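Chain by chain, the residues run as shown.
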Amino acid sequence: MIRTIWGRLRASLTNTIDDDRGDVPGWVLVTLMTAGLVVAIWSLAGPALADLFEQALSRVSGL
C-alpha cells in the first residue's frame, strides 16, 4: 500500500514538473520583446509613414 501511494505521488510530481503549460515568464518575455520591437520600428519609421500619409491625402484631395 505504501509503495502504491509513493508511486502515485511520484507520478503526480513528475507530471507537474514536465508540464510546460503556464509558462508565464516566457510569454511575458515574448510580449515585452514584441512591444519593444514595435516601439523601435515605429520611432524609426514614424516620420516617414506620416509623410507618406500626408502625401497620399494631398494627392487624393488635389491640394
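Placed above this text is the structure.
Here is what the cut-offs are and how they apply
In this numbering scheme, every chain counts its residues from 1 along its sequence in written order. Local features are withheld for residues below a pLDDT of 70 in this predicted model, meaning they are given only at 70 or higher, and side-chain atom pairs are given and counted only at 80 or more; totals for whole chains, interfaces and linings count all residues. Only hydrogens and water are removed before side-chain values are computed, so all heavy atoms of the structure are retained for them. Helical segments are the DSSP runs of H or I of at least four residues, strand segments are the runs of E of at least two, and each set is numbered from the N terminus. In these tables, accessible area is a Shrake-Rupley quantity obtained with a 1.4 Å probe, and a residue counts as shielded only by the protein chains included in the view. Each residue is assigned a bend, namely the angle between axes fitted to the seven residues that terminate at it and the seven residues that start at it. Exposure categories follow from relative accessible area, calculated using a 1.4 Å probe and restricted to protein chains: below 20% of the type maximum is buried, above 50% is exposed, and the middle band is partly exposed. Residues enter patches when they are more than 30% accessible in relative terms and free of salt bridges; like-charged ones are connected within 9 Å and nonpolar ones (Val, Leu, Ile, Met, Phe, Trp, Tyr) within 5 Å. Within this document, salt bridges are pairs made up of a side-chain nitrogen of Lys or Arg and a carboxyl oxygen of Asp or Glu, the two lying within 4 Å of each other.

(A) The arrangement of the overall build of the protein chain in detail. In terms of helices and strands, the protein chain carries 2 helices and 0 strands. Looking at the protein chain as shown, the accessible area adds up to about 6,200 Å², and 70% of this sits on carbon and sulfur atoms.

(B) Looking closely at helix H2 (residues 24-61). A bend of about 55° at Ala45 is the largest found in H2, and the proline Pro47 appears one to four places after it. Burial within H2 is sparse, with just 1 of its 38 residues counted as buried. Where H2 ends, the next residue or the one after it, Gly62, has phi of about 80°, a positive value.

(C) The arrangement of a nonpolar patch on the surface in detail. On the surface, a nonpolar cluster with roughly 280 Å² of combined accessible area is contributed by Val24, Val28 and Leu32. In this structure, Val28 sits in helix H2. The exposure class of Val28 is partly exposed, given its relative accessible area of 43%.

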